[in-house]
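# Coordinates in review
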Amino acid sequence: MIRVRGLETLGDIGRFPLLQALWVEDQIKLRQIALGPNPALEHLHLHTCKTLDSLPGLAALPALRQLSASETMLDIDALLAHGLPASLTHARLRTGRKTRDDAIAAQLAQLGYDSARVLLT
């Protein structure tokens, strides 16, 4: 685990082909995470990255099983419309607004994603 403050870019995480889990928290300057070809990434957790609005390459991650994002600028409707990875089984997407979060949870459940818990393995 590495703690960095004021992170503005991660670059393309595809350059880490063995990366299995990525946690990014409290990065208010980070606007995008480029999810280049990464055959091993299984867990993606993004929390309190208030300006994060783009995850190019998300739908193409072949091993992603868990996605958790809260308090970001991600357009949840656009994420769902463009499709999530076929391998995804657990998804928790939250805005911090209860009514909207309840609607998102219902939408994810309707799509077959388990959002009750996100495994920490």
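To be clear, the structure that these remarks concern was listed above.
Residues numbered from 1 in each chain as written. Predicted model: local features only at pLDDT ≥ 70, side-chain atom pairs only at ≥ 80, totals over all residues. Heavy atoms only, no water.

Per the secondary structure count, the protein includes two helices and four strands. Element order for the protein, N to C, with α for helix and β for strand: β-β-β-α-β-α. The principal-axis extent of the C-alpha atoms belonging to the protein is close to 35 × 30 × 25 Å. In the protein, which comprises 121 residues, the share counted as buried stands at 40%. Excluding contacts between residues fewer than 6 apart, the proportion of contacts in the protein whose partners are at least 24 apart in sequence is 31%. Of the roughly 7100 Å² of accessible surface on the protein, a fraction of 56% belongs to carbon and sulfur atoms. Charge-centre separation for the protein: the mean point of 13 positive side chains lies 4 Å from the mean point of 12 negative side chains. (Helix = DSSP H or I, 4+ residues; strand = E, 2+ residues; numbered from the N terminus. Buried < 20%, exposed > 50% of the residue type's maximum accessible area, 1.4 Å probe, protein only. Contact = heavy atoms within 4.5 Å. Areas by Shrake-Rupley, 256 points an atom, 1.4 Å probe, with all protein chains shown as cover. Lys, Arg positive; Asp, Glu negative; His and termini not counted. Charge placed at Lys NZ, Arg CZ, Asp CG, Glu CD.)

Bringing the pattern of salt bridges into the picture now. For the coordinates displayed, the defined rule picks out five salt bridges. Put simply, Arg 65 and Glu 42 hold a salt bridge, and the shortest N to O gap is 3.3 Å. With Arg 65 in the loop between strand E2 (43-47) and strand E3 (66-70) and Glu 42 in the loop between strand E1 (21-25) and E2, this residue pair connects regions lying 23 residues apart in the sequence. On the basis of relative accessibility, which here comes to 25%, the residue Glu 42 falls in the partly exposed class. (Salt bridge = Lys/Arg side-chain N within 4 Å of Asp/Glu carboxyl O.)

A few words on helix H2 (residues 98-110). Spacing of three or four residues puts side chains on the same side of an α-helix, whose turn is 3.6 residues. Over its 13 residues, H2 runs 18 Å from end to end, which matches the ideal 18 Å to within 8%, given 1.5 Å per residue. Buried within H2 we find Asp 101, Ile 104 and Leu 108. Seen end-on, H2 carries its buried residues on one side only, within an arc spanning 60°. Along H2, exposed side chains directed more than 90 degrees from the buried face belong to Thr 99 and Gln 110. (Expected span 1.5 Å × (residues − 1). Arc of directions from axis to C-beta.)

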